[in-house]
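Coordinates in review
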Amino acid sequence: MTMDNNTVQNAPKSSGPKFDWSVVSRHGGVFALIAILLFNVLITPNFLHPQTLFVNISQVATIAIVAVGMTLVIATGGIDLSVGAIMALSGALAPLIFTSPFAEANPELGLALSIIVPIIVALACGVFNGALVSLLNVQPIVATLIFFISGRGIALVLTNGNLQTFTNPAFSYLGTGKILGFPFQGYLVVIIAICVWWVMSYTVFGRQLLAVGGNERAAELSGVPVKRVKIGAYVICAGLSGLAGLIVVAINSASDAARIGNLMELDAIAAAVVGGTLLQGGKAPIFGAILGAVIIQLVKYTLLANGVADEVALIAKAGIIVLAVYVQQARKE
Amino acid sequence: MLDTTAFDLRRYIQGNNHSLGVWITLIALIVFGVMRYDNFGGSYNISSFLNYNAMFIVIAVGMCFVIMTGGIDLSVGSVAAFTSVVAAYLSPYGIQVALPGAVAAGLAIGGLNAFFVVAMRIPPFIATLATMLGAKGGALVISGAQTISIDWTSNFTKLGLEKAFGILPWTIVITAIVVVGLWVLLEKTSLGRTVLAIGGGEDASVMMGLNVTRAKVLVYVLSGGCAGMAGLFLASGFGAGQPLEGVGWELSAIASVVVGGTLLTGGMGSISATVAGALLLGLVFNILNFENGRGVISLSAYWQMVIRGAFLFAVIVFQSRVASTAKKGTI
């Protein structure tokens, strides 16, 4: 972080200030990542151990998945505060389903339902958010506030606030499975990112989504189905949040509705912003969001691995967010 | 003569229909509560209800100012947690030190928000998100992630326990003073009118020669100060500084403001309706407690989150016609 800070401050001094600013701001995330990696290789003990890599991949996956969805929503000029609550809802539902007598009688069907039903519920939440935003013209922050407050409440009511622990190796594969030694959810992130990137770059829906974020009125006048596109963004974001909720539960083999996805909306927004998403909309750098998620995870890890308290890590996260947006802002002006 | 009064009345209702809903609902809920439960209208319930909700009212009123400029302050919950710890540390020196100390800490963080938003031109949503994380971290650092007990021998305890002039707890009296003071600031001073003008159109306000910078700095500092005051109430109410409290308070405060009929796009807003909104959200919880007390149903505290969300939904649908005619904002 300190190194990135230096890069930013030194940039105007070197040659043409305008040129350097654009380089720094366009690739600020990459610079930051390199700086953190260098710092860790030099300072953090055992950083190059494969175990470190696995731990970080399994932890970053949920942030990255939600951040991809958040990026789409922000690209329409909106925001989704409900992602953490939707994670809690889907995370609470899954164990309820596969520990039910019906699922224990039919394990395969029970497992399938415990993945499909929570995600359908999450998608329905997305439809609700999107409908409020696009059909009732409610500001996104208010519309998604409803589920932010009540979604976790519903999850807590469903589980009566109890911690649900379980042993279900098949379901836990989502969070603890390994392919060629790498965590399963790492592959999931890569697949999701490539799919969403492809959708954004090569499909009509993707181009329409960017058009809506760039200039909603112009998009509407040129025949883009603005309402449908916006609902689509919220639905995708909610569905990905639902998936992330399942992964968290699978990692822990336990589901605590009060904790799953707590403050996830902040991590996801931070990852998207650090990755270069403009809050005004019109841009959806999917791989940038992944990069942002990795940076946030690495900063957290670096501080913890070096004995810095969790709470100081929060302050560092705050600093990163301000810096990232400030650099972005400087580019715009 | 008759014609003009009729016209005025209609215009008044039209002009205030965004905050009419909250008053009607609030009165309806109070009437419902008084008729259904024995001690609902009793002085004990009223006093303890207001005492507990004082911190939410103060925060919501500060938030209202920020929202009227078209901004937002997400840091209030963390700031309250931070200043509750500050207040607990200062409690041995008495309320005369703890109160200014906690409010000053809040004002300082509000000043930081103002610096980010006004000087660094960072969007309010992001700037206050960062101070939210920072203040939360700060609260945990200075408290060592422990609750900090207040000094029970000092006069700090009078704040929540002793009644001013034998009628209402000091907390409520102070809240009333803050609310009235901010109402005067908004309605009766040029600075207050500037706040509204900024939300109506920032560029136009600048061109009209209004001191936009000063007003924007004011709202963030004010919101921080209100959160600081709420932290003081938190410490006094729970008898300890609470570094882990305040999660989600910013969103309750926003909900109060929105329920009170203020649009997040700014340019309009009402202090009284915001207070009504905060009372309404608190009342939902209060009525739930009474209903559980009757023993017929047993809804867990988790239901209050669901019901609050449903309330917010109802109000938003009610408001959506007003909102769709007003200008659209991004966030």
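Presented here is a report on the structure given in the accompanying data block. (Residues numbered from 1 in each chain as written. Chains lettered and ligands numbered in written order. Predicted model: local features only at pLDDT ≥ 70, side-chain atom pairs only at ≥ 80, totals over all residues. Heavy atoms only, no water.)

With respect to the interface of chain B and chain A
- Taken together, the contact pairs 41 residues of chain B with 43 residues of chain A.
- Summing the contributions of chain B and of chain A, the shared interface buries around 4000 Å²; its carbon and sulfur component is 83%.
- Inspection of the chain B/chain A interface yields 0 salt bridges.
- On the surface where chain B and chain A come into contact, there are 0 residue pairs in polar contact (both at pLDDT 80 or more).
- Among the secondary structure elements, those contributing two or more residues to the side of chain B that touches chain A are α5 (124–143), α11 (249–259) and α13 (302–325) of chain B.
- Of the residues in the side of chain B that touches chain A, the class split is 29 nonpolar, 8 polar and 4 charged. (Contact = heavy atoms within 4.5 Å. Buried area = accessible area lost by both parts, 1.4 Å probe. Salt bridge = Lys/Arg side-chain N within 4 Å of Asp/Glu carboxyl O. Polar contact = N/O pair within 3.5 Å; in protein donor to acceptor, adjacent residues only side chain to side chain. Helix = DSSP H or I, 4+ residues; strand = E, 2+ residues; numbered from the N terminus. Nonpolar A, V, L, I, M, F, W, Y, C, P; charged D, E, K, R; others polar.)

Notes on helix α12 (residues 271–293) of chain B
Residue and element names in this part refer to chain B.
- With 23 residues, α12 extends 33 Å between its outermost C-alpha atoms, agreeing within 8% with the 33 Å of an ideal straight helix rising 1.5 Å per residue.
- Burial runs high along α12: 18 of the 23 residues are buried.
- Just past α12, the residue Gly295 takes up positive phi, approximately 80°. (Expected span 1.5 Å × (residues − 1). Buried < 20%, exposed > 50% of the residue type's maximum accessible area, 1.4 Å probe, protein only.)

A short note on the pattern of salt bridges
- A complete count under the given rule lists 7 salt bridges over all chains for this structure.
- Between Glu216 of chain A and Lys230 of chain A there is a salt bridge, and its shortest N-O distance comes to 3.2 Å. Residue Glu216 of chain A is found in helix α12 (residues 216–221), and its partner Lys230 of chain A is found in helix α13 (residues 226–252); the two are separated by 14 residues along the sequence.
- Exposure remark for Glu216 of chain A: the relative accessible area of 25% places this residue in the partly exposed category.
- In this structure Lys230 of chain A comes out as buried when scored by relative accessible area, which is 10%.
- With its nearest N and O atoms 3.0 Å apart, the salt bridge here joins Lys216 of chain B to Glu202 of chain B.

Remarks on the packing of aromatic side chains
- Applying the stated criterion across every chain yields a total of 16 aromatic pairs over all chains.
- Taking 4.8 Å as the distance between ring centres and 45° as the angle between the ring planes, the aromatic pair formed by Phe98 of chain A and Phe171 of chain A counts as tilted. Linking Phe98 of chain A in helix α5 (residues 83–98) with Phe171 of chain A in helix α9 (residues 169–176), this pair joins segments that are 73 residues apart in sequence.
- The exposure class of Phe98 of chain A is buried, given its relative accessible area of 6%.
- Residue classification places Phe171 of chain A among the buried positions, given a relative accessible area of 1%.
- Geometrically, the ring pair formed by Trp197 of chain A and Tyr202 of chain A is edge-to-face, given 5.8 Å between the ring centres and 85° between the ring planes.
- Under the relative-accessibility criterion, Tyr202 of chain A is labelled exposed at 56%.
- One aromatic cluster in this structure is built from Phe32, Tyr37, Phe40 and Phe290 of chain B. (Phe/Tyr/Trp six-rings, centres within 6.5 Å; stacked < 30°, edge-to-face > 60°.)

Observations regarding the nonpolar core
- Ranked by internal contacts, the top residues of the largest apolar core, which has 193 residues, are Phe65, Ile126 and Ile254 of chain B.
- With 15 residues, the single largest contributor to this core is helix α2 (residues 43–68) of chain B.
- Beyond its immediate sequence surroundings of up to four residues, Ile254 of chain B is in contact with Leu145 of chain A together with Met63, Ile67, Ile72, Leu74 and Leu264 of chain B.
- Ala32, Val299, Tyr301 and Ala324 of chain A belong to the second largest nonpolar core, which has 14 residues in total. (Core = buried A, V, L, I, M, F, W, Y, C linked by side-chain atoms within 4.5 Å.)

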